[in-house]
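Listed below, chain by chain, are the residues.
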Amino acid sequence: MTTPGSRALALRATAATYPGRAEQVGAARADLRLLLAGCPIADDVVHCASELAANAVRHSQSRLAGGTFIVRTEIYPGDYIWIEVEDEGGTWLEAARDPGRAHGLEIVRALASDFGVEGDETSRVVWVRLDWPVR
């Protein structure tokens, strides 16, 4: 049986570009929440995308004046959701590890079915696949 929420969540692909500022991470989260209404893994998807967007505005050239980051989403209802965050690259320095707390990408890895990073110092895409829960 199909519920009204799952009828609204059809196969779709979206992309949105945001200024590379910290407050835009919240805007990206809000946009995803609207897009994922009725999705059983919406919280995990939004959390992963938020972590990736925060990294883009914190650690990439996207944080510089005029910089942007792009959030791409592909929804395959009943199968999986694919999220990509593209930033403007830059040197990626490993943060000092605090063994007492999890870091963003560690949380993403724990939630995601698959995860990867592609690109270089001029452009980087971090992607996450989250599988739909089995009923």
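Scope of this entry: the structure provided in the associated data block. (Residues numbered from 1 in each chain as written. Predicted model: local features only at pLDDT ≥ 70, side-chain atom pairs only at ≥ 80, totals over all residues. Heavy atoms only, no water.)

**A word on the sheet that holds strand β5 (residues 124–131)**
The antiparallel open sheet is built from 5 strands, whose spatial order is β1-β2-β3-β5-β4. The open sheet has two edge strands with one neighbour each: β1 (12–19) and β4 (114–119). Averaged over all pairs of adjacent strands, the angle between strand axes in this sheet comes to 15°, irrespective of strand direction. Examined bridge by bridge, strand β3 (residues 80–87) and β5 share 8 bridges and lie antiparallel to one another. The partner of Asp 87 across the bridge, within β5, is Arg 124. The strands touched by helix α2 (residues 23–35) within the sheet are β1, β2 (68–76) and β3, with β1 carrying the most contacts at an inclination of about 160°. (Pairing = 2+ DSSP bridges. Helix = DSSP H or I, 4+ residues; strand = E, 2+ residues; numbered from the N terminus. Axes fitted to C-alpha atoms, helices over the stretch in contact; angles between N-to-C directions. Contact = heavy atoms within 4.5 Å.)

**Comments concerning the nonpolar core**
In this structure, Leu 36, Leu 52, Phe 69, Ile 81 and Val 128 are the most contacted members of the largest nonpolar core, which totals 32 residues. Sorting the residues of this core by element identifies α2, α3 (42–59), β2, β3, α4 (104–111) and β5 as the ones contributing at least two each. Broken down by element, this core gets its largest block of residues, 10 residues, from α3. (Core = buried A, V, L, I, M, F, W, Y, C linked by side-chain atoms within 4.5 Å. Buried < 20%, exposed > 50% of the residue type's maximum accessible area, 1.4 Å probe, protein only.)

**Here we look at the packing of α2 against α3**
Packing of α2 against α3 brings their axes to within 9 Å, and their N-to-C directions diverge by 155°. Looking at the two axes, α2 sits roughly antiparallel to α3. Crossing angle aside, the handedness with which α2 passes α3 is right-handed. Facing α2, whose interface residues are Val 25, Arg 29, Leu 32 and Arg 33, α3 presents Ala 42, Asp 43, Val 46, Ala 49, Ser 50, Ala 53, Ala 54 and Val 57. Per-class residue counts for the contact of α2 with α3 are 8 nonpolar, 1 polar and 3 charged. (Parallel < 35°, antiparallel > 145°, perpendicular 65-115°, else oblique. Left-handed = near helix turned anticlockwise from the far one by under 90°. Nonpolar A, V, L, I, M, F, W, Y, C, P; charged D, E, K, R; others polar.)

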